[in-house]
Amino acid sequence: MQGAIDSNTAAANDQAAAVHEAHEEHQDLRVLGLITFLASEFLMFAGFFAVFLVFRGSAAEWPPKETEVELLLPAVNTLILVSSSWVINLGTKAIKQNDLAGMRKWFGITAAMGAVFLAGQVYEYMNLGYGLRTNLFSNCFYLTTGFHGAHVFIGLVLILGVLWRSRRANHYTDITHTGPEMAEIYWHFVDVVWIVLFTLIYLLTLLN
């Protein structure tokens, strides 16, 4: 029985090695493709930020009194999201050491942190007291934070996808770990964008 298990494990490892060799022969451009895509996404966010700054600079009062923002909940959300970048990196490091259980643990924690971030954002929306069409500031606020929230949700789906696919024997190993790497890169992207967004929409607005 043990011999059969060892034989199956060896066969799976040989298959993973064969996949790796195939990728070596044909350059794997998936990570480069993702980075290129994220660069284009950042340009979209940069457009949002530029419009926000133009409106802020030309407005007599920004934000209007009926659309003030709070800092405590967004600051807590920022701490959660930024910390999750460190957590997901631990997961990627784990799989590069062939520690599948470690990767699952850290990716699971990252997914939970992302879900808490989104729940905090929904709670903030429900308690602001103004909506998308209240005025120009609220329109910018909801579109920008909502667009980012959609990206966080996509990142959460990617992380859950990695966890789901990790159920397959030897799907992710110290040799084949592109999936977790790409999920990590995407997650770092949403973190960086949020730091810029938090600075512009919350910190600068409160200092106005």
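Residues numbered from 1 in each chain as written. Predicted model: local features only at pLDDT ≥ 70, side-chain atom pairs only at ≥ 80, totals over all residues. Heavy atoms only, no water.

**Examining the overall build of the protein**
Check the secondary structure of the protein and you find six helices and zero strands. Counted from the first residue to the last, the protein has its helices and strands arranged as α-α-α-α-α-α. Looking at the protein as a whole, 38% of its 208 residues are labelled buried. Within the protein, residue pairs in contact and separated by at least 24 positions form 81% of the contacts whose partners lie at least 6 positions apart. Surface exposure of the protein reaches about 11,300 Å², of which carbon and sulfur atoms provide 65%. (Helix = DSSP H or I, 4+ residues; strand = E, 2+ residues; numbered from the N terminus. Buried < 20%, exposed > 50% of the residue type's maximum accessible area, 1.4 Å probe, protein only. Contact = heavy atoms within 4.5 Å. Areas by Shrake-Rupley, 256 points an atom, 1.4 Å probe, with all protein chains shown as cover.)

**Side note on helix α6 (residues 178-206)**
The end-to-end C-alpha distance of α6, which contains 29 residues, comes to 41 Å, matching closely the 42 Å that a straight helix rising 1.5 Å per residue would cover. At Thr199, α6 shows its strongest bend, of approximately 30 degrees. (Expected span 1.5 Å × (residues − 1). Bend = angle between axes of the 7 residues up to and from the residue.)

**Some details on the side chain of Thr144**
Relative to the elements of secondary structure, Thr144 occurs in helix α5 (residues 136-165). Here Thr144 falls in the buried class, since its relative accessible area comes to 2%. In this view, Thr144 contacts Phe45, Phe48, Phe49, Leu197 and Ile201; residues no more than four positions away in its chain are not counted.

**Quick notes on a positive patch on the surface**
The grouping of Arg104, Arg165, Arg167 and Arg168 at the surface amounts to a positive patch. Along the chain, the position of Arg104 falls in helix α4 (residues 100-127). Residue class for Arg104 comes out partly exposed when judged on its relative accessible area of 35%. (Patch = residues over 30% accessible without salt bridge, like charges linked within 9 Å, V, L, I, M, F, W, Y side chains within 5 Å. Salt bridge = Lys/Arg side-chain N within 4 Å of Asp/Glu carboxyl O. Lys, Arg positive; Asp, Glu negative; His and termini not counted. Charge placed at Lys NZ, Arg CZ, Asp CG, Glu CD.)

**Looking at the packing of helix α2 (residues 30-58) against α6**
One way to put it is that α2 packs onto α6 with a least axis distance of 11 Å and a crossing angle of 10 degrees. Our classification of the angle between α2 and α6 gives roughly parallel. Residues Arg30, Val31, Leu34, Ile35, Leu38, Glu41, Phe42, Phe45, Phe49, Phe52, Leu53 and Arg56 of α2 touch α6, and the partners they reach there are Thr178, Met182, Ile185, Tyr186, Phe189, Val193, Val196, Leu197, Leu200, Ile201, Leu204 and Thr205. Split into classes, the residues belonging to the contact of α2 with α6 amount to 19 nonpolar, two polar and three charged. (Axes fitted to C-alpha atoms, helices over the stretch in contact; angles between N-to-C directions. Parallel < 35°, antiparallel > 145°, perpendicular 65-115°, else oblique. Nonpolar A, V, L, I, M, F, W, Y, C, P; charged D, E, K, R; others polar.)

**Things to note about unusual backbone geometry**
That bond from Trp62 to Pro63 is cis: its omega, 0 degrees, falls within 30 degrees of zero. Within the secondary structure, Pro63 is located in the loop between α2 and α3 (72-96). At Asn170, a residue that is not glycine, the phi angle is positive and equals roughly 60 degrees. Mapped onto the elements of the fold, Asn170 is located in the loop between α5 and α6. Residue classification places Asn170 among the partly exposed residues on the basis of a relative accessible area of 29%.

**Re the nonpolar core**
Judged by nonpolar contacts, the single largest core of 40 residues is most densely connected at Met103, Phe107, Phe137, Phe141, Trp187, Trp194 and Tyr202. Going through the elements one at a time, α2, α3, α4, α5 and α6 are the ones with two or more residues in this core. Looking at which element gives the most residues to this core, the answer is α6, with twelve residues. In this structure, Tyr202 is in contact with Val69, Glu70, Leu71, Pro74, Glu124, Phe141, Thr145, Trp194 and Leu197, ignoring residues within four places of it in sequence. (Core = buried A, V, L, I, M, F, W, Y, C linked by side-chain atoms within 4.5 Å.)

**Things to note about the pattern of salt bridges**
A complete count under the given rule lists one salt bridge for this structure. A salt bridge links Lys96 to Glu181; its shortest N-O distance comes to 3.1 Å. Pair noted here: Lys96 is in helix α3 and Glu181 is in helix α6, with a separation of 85 residues, a long-range link. Of the residues examined, Lys96 reaches a relative accessible area of 41% and is grouped as partly exposed.

**Considerations on α3**
Taking 1.5 Å as the rise per residue, α3 with 25 residues should run 36 Å; its terminal C-alpha atoms sit 37 Å apart, in good agreement. Of the residues trailing α3, Asn98 is marked for its positive phi of about 65 degrees.

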